[in-house]
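The chain contents come next:
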Amino acid sequence: MRKISLSLLGLAILSFLLPWSTVSCGSQKFYTFSGIDLAIGETIKIPKGLGLDLEEEFKEVNTREGMATIAFIVGIAGMLAGFLIKNERVRKVILSVCGGSGGILLYLLENKLSKEALIQGGGMIDINYHFGFYASMLLFFAVCIVNVLPGDLLKKVSLKPVQSTTLKGPPKPSFCTQCGAKVSPDDMFCTNCGHSLK
């Protein structure tokens with residue numbers, strides 16, 4: 001269970017490196033952001049023609065989003081807790097909280113950015129979310145679910161080898177290794193020479 005949780009959490013953190021969203025106006029794409037761009041922040045110049053009321057030709061804006069930053073920190077904290085905490089029950093609680101809160105933060109971030117684009121862009125600005133964003137959000141939720149489920153439930157789901165159901169016929173006759181006489185499988189001694197069969 002620990003390996004599964006840490007693998008999912010590691011993939012959620014790696015998904016921050018993938019493209020998360022693209023800002024466009026009509027069919028023209030202006031910016032593509034990765035999760036790291038939103039978590040750590042990058043300074044970009046917004047041109048005047050994006051439907052924003054700007055006195056200057058360009059406006060510099062930092063792309064850091066608090067919810068993306070907190071989700072990234074929660075993912076790192078979950079990884080550290082998964083490696084360092086030995087008590088399984090405490091570790092599962094911390095990992096489920098980290099996974100759930102990371103997924104919820106990204107869900108809220110999507111709603112916030114979409115709403116801001118609609119309001120500030122007057123309906124002209126569109127934000128398209130990519131695989132990296134949804135992968136990270138779903139992986140955070142998967143960490144939560146894996147740690148909330150009882151451990152024996154996941155063991156029951158795992159595939160077990162099917163046992164053979166071939167019918168056994170009558171037992172094959174055995175022979176004494178000393179004299180070669182036919183003996184029954186239940187016999188302890190040969191009835192012919194008295195040799196021990198077991």
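Numbering of residues begins from 1 in every chain and follows the order in which that chain's sequence is written. Local features in this predicted model are restricted to residues of pLDDT 70 or higher, and side-chain atom pairs are both shown and tallied only at a pLDDT of 80 or more, whereas totals for entire chains, interfaces and linings draw on every residue. No hydrogens and no water enter the side-chain calculation; it runs on all heavy atoms of the structure.

## A look at the sheet that holds strand β2 (residues 28–34)
Keep this limit in mind: Two strands qualify as a pair provided that DSSP identifies no fewer than 2 bridges between them. Every helix listed is a DSSP run of H or I at least four residues long, and every strand listed is a run of E at least two residues long, numbered separately from the N terminus. To get an axis, a line is fitted to the C-alpha atoms, and for a helix only the part in contact is used. The angle between two axes follows their N-to-C directions and goes from 0 to 180 degrees. Should any heavy atoms of two residues lie within 4.5 Å, those residues are counted as being in contact.
Pairing is antiparallel across the open sheet formed by three strands, whose spatial order is β2-β1-β5. Pairing within the sheet leaves two strands with one partner each, and these edge strands are β2 and β5 (125–129). Each strand axis lies, on average, 20° off the axis of its neighbour in the sheet, ignoring direction. When strand β1 (residues 19–25) meets β2, the two strands line up antiparallel, connected through six bridges. Looking across to β2, one finds that serine 24 is bridged to lysine 29. In the packing of helix α5 (residues 131–148) onto the sheet, contacts are made with β1 and β5, and the angle to β1 comes to roughly 135°.

## Digging into the nonpolar core
Going by this rule: Among buried residues, those of type Ala, Val, Leu, Ile, Met, Phe, Trp, Tyr and Cys that are joined through side-chain atoms within 4.5 Å constitute a nonpolar core. Partly exposed residues are those whose accessible area sits between 20% and 50% of the maximum for their type, while under 20% is buried and over 50% is exposed, using a 1.4 Å probe and protein chains only.
By size, the foremost hydrophobic cluster in this structure holds 32 residues, and its most contacted members are Phe16, Trp20, Leu106, Leu109 and Phe133. Mapped by element, the contributors of at least two residues to this core are α1 (2–14), β1, β2, α2 (35–40), α3 (66–84), α4 (88–120), β5 and α5. In contact with leucine 106, not counting residues within four places along its chain, are Trp20, Ala71, Phe133, Ser136, Met137 and Phe140.

## Details of the state of the cysteines
Here is the rule we go by: Sulfur atoms of two cysteines make up a disulfide when they are within 2.5 Å.
For the coordinates displayed, the defined rule picks out zero disulfides. Free of any disulfide, cysteine 176 has its nearest neighbouring cysteine sulfur in cysteine 190, separated by 3.7 Å. According to the relative accessible area criterion, cysteine 176 is buried, its value standing at 4%. This cysteine, cysteine 193, is not joined by any disulfide, and cysteine 176 carries the nearest cysteine sulfur, 3.8 Å off.

## Comments concerning the packing of α4 against α5
As a reminder, the rule being used: Our angle categories are set so that under 35 degrees counts as roughly parallel, over 145 as roughly antiparallel, 65 to 115 as roughly perpendicular, and the remainder as oblique. For any pair of crossing helices, the crossing counts as left-handed if the nearer helix is rotated counterclockwise from the farther one by less than a right angle, and right-handed if it is rotated clockwise. Each residue is assigned to one of three groups, with Ala, Val, Leu, Ile, Met, Phe, Trp, Tyr, Cys and Pro labelled nonpolar, Asp, Glu, Lys and Arg labelled charged, and all others, Gly among them, labelled polar.
Orientation of α4 relative to α5, taken along the N-to-C sense of each, is 150°, at an axis distance of 7 Å. For the element pair α4 / α5, the angle class is roughly antiparallel. As for how α4 packs across α5, the hand of that crossing is left-handed. Classifying every residue of the contact of α4 with α5 by side-chain character gives 14 nonpolar, seven polar and two charged.

## As for the side chain of glutamate 110
Just so we agree on the cut-off: Asp and Glu are treated as the negative residues and Lys and Arg as the positive ones, with His and the ends of the chain left uncounted. Whenever Lys or Arg places a side-chain nitrogen within 4 Å of a carboxyl oxygen from Asp or Glu, that contact is recorded as a salt bridge. What qualifies as a polar contact is a pair of N or O atoms within 3.5 Å, subject to a donor-acceptor requirement within protein and to the restriction that residues adjacent in sequence count only when both atoms come from side chains.
Within the secondary structure, glutamate 110 sits in helix α4. Despite its burial, glutamate 110 remains without a salt bridge, the nearest opposite charge being carried by lysine 112 at 14 Å. Of the polar contacts made by the side chain of glutamate 110, one reaches the side chain of tyrosine 134; its length is 2.9 Å. Apart from residues lying up to four places away in sequence, glutamate 110 is in contact with Tyr129, Phe133, Tyr134 and Met137.

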